[in-house]
Amino acid sequence: MLAIKIQEHARKLRDVRGESALAEAAQKAQSYEKQGNIENARTWRRIAAALRQMQGPHVS
């Protein structure tokens, strides 16, 4: 999946799921890995990474 599509999907997921979007993306990636679907797992890992970038740096 192209990087722009990854960003779009991450943005849409965040809009719909809010703060649980990252957990959902990670869960989907893990589920696909267990099924042996490495390509979809990789895509969901990229979506999770995009979601982490959208969060920005953590402030302490």
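I will try to describe carefully the structure that is included in this document. (Residues numbered from 1 in each chain as written. Predicted model: local features only at pLDDT ≥ 70, side-chain atom pairs only at ≥ 80, totals over all residues. Heavy atoms only, no water.)

## Focus: helix α3 (residues 38–55)
Part 1 of the argument: Taking 1.5 Å as the rise per residue, α3 with 18 residues should run 26 Å; its terminal C-alpha atoms sit 26 Å apart, in good agreement.
Part 2 of the argument: A41, T43, W44, I47, A48, A50 and L51 are the residues of α3 that are buried.
Part 3 of the argument: Elements that come into contact with the buried residues of α3 comprise α1 (3–17) and α2 (21–35).
Part 4 of the argument: Positive backbone phi, approximately 80°, marks G56, located one or two places after α3. (Helix = DSSP H or I, 4+ residues; strand = E, 2+ residues; numbered from the N terminus. Expected span 1.5 Å × (residues − 1). Buried < 20%, exposed > 50% of the residue type's maximum accessible area, 1.4 Å probe, protein only. Contact = heavy atoms within 4.5 Å.)

## Things to note about the packing of α1 against α3
Part 1 of the argument: Close contact between α1 and α3 brings their axes to 9 Å; oriented N to C, the two are set at 65°. The angle between α1 and α3 places the two elements in the roughly perpendicular class. When you trace α1 past α3, the crossing you get is right-handed. Residue-level inspection shows A3, I6, Q7, H9, A10, R11, L13 and R14 of α1 in contact with α3, the latter providing T43, W44, R46, I47, A50, L51, Q53 and M54.
Part 2 of the argument: Split into classes, the residues belonging to the contact of α1 with α3 amount to 9 nonpolar, 4 polar and 3 charged. (Axes fitted to C-alpha atoms, helices over the stretch in contact; angles between N-to-C directions. Parallel < 35°, antiparallel > 145°, perpendicular 65-115°, else oblique. Left-handed = near helix turned anticlockwise from the far one by under 90°. Nonpolar A, V, L, I, M, F, W, Y, C, P; charged D, E, K, R; others polar.)

In short, the description is geometric, and any link to function would need to be established separately.
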